[in-house]
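Below, each chain spelled out in residue letters.
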Amino acid sequence: MKTLVLASHNQGKLKELQAMLGTHIQVRSISEFSQHEPEENGLSFVENAIIKARHAAKVSGLPALADDSG
């Protein structure tokens, strides 16, 4: 099974994404790998999401997904 890390500590978001992806992909929270939050110093929501996703991928060694809704 493929695994994806969600760069969020929000369990609601984790459950929502897992429900959307079904049983084909296991979604894991960044909190399993790190409690550290990267500094969100991007100039836009997109840049901050990229910062968070890159951090999650680096600490987990897995593909990662993030959002930043401000």
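We now turn to the structure provided with this report. (Residues numbered from 1 in each chain as written. Predicted model: local features only at pLDDT ≥ 70, side-chain atom pairs only at ≥ 80, totals over all residues. Heavy atoms only, no water.)

1. Description of the pattern of salt bridges
Heads up, the condition is: For this analysis, a salt bridge means a side-chain nitrogen from Lys or Arg found within 4 Å of a carboxyl oxygen belonging to Asp or Glu. Three exposure classes are used, based on accessible area relative to the maximum for each residue type with a 1.4 Å probe and protein chains only: buried under 20%, partly exposed in between, and exposed over 50%. The numbering of helices and of strands both runs from the N terminus, where a helix is a DSSP run of H or I of at least 4 residues and a strand a run of E of at least 2.
Under the defined criterion, the tally for this structure stands at 3 salt bridges. Where Glu32 meets Arg28, a salt bridge forms, and the shortest distance between an N and an O atom there is 2.9 Å. With a relative accessible area of 47%, Glu32 lands in the partly exposed category. With its nearest N and O atoms 3.2 Å apart, the salt bridge here joins Asp68 to Lys52. Taken together, the residues span a long stretch of sequence, with Asp68 in the segment after β3 (64-65) and Lys52 in helix α2 (residues 45-60) at a distance of 16 residues. By relative accessible area, which is 15% here, Asp68 ends up buried.

2. So, the sheet that holds β3
The condition is simple: Any two strands are treated as partners once DSSP identifies two or more bridges connecting them. The contact criterion used is simple: two residues touch if any of their non-hydrogen atoms lie within 4.5 Å. Interaxial angle, 0 to 180 degrees, is taken between N-to-C directions of lines fitted to C-alpha atoms, where a helix line uses only the stretch in contact.
Strand order in this open sheet of 3 strands is β2-β1-β3, and the pairing throughout is parallel. Each edge of the open sheet is held by one strand with a lone partner, namely β2 (25-29) and β3. Where strand β1 (residues 2-6) meets β2, 5 bridges bridge the pair, whose relative direction is parallel. Note that in β2 the partner of Thr3 across the bridge is Gln26. Across the face of the sheet, helix α1 (residues 11-21) comes into contact with β1, β2 and β3 while running at roughly 175° to β2.

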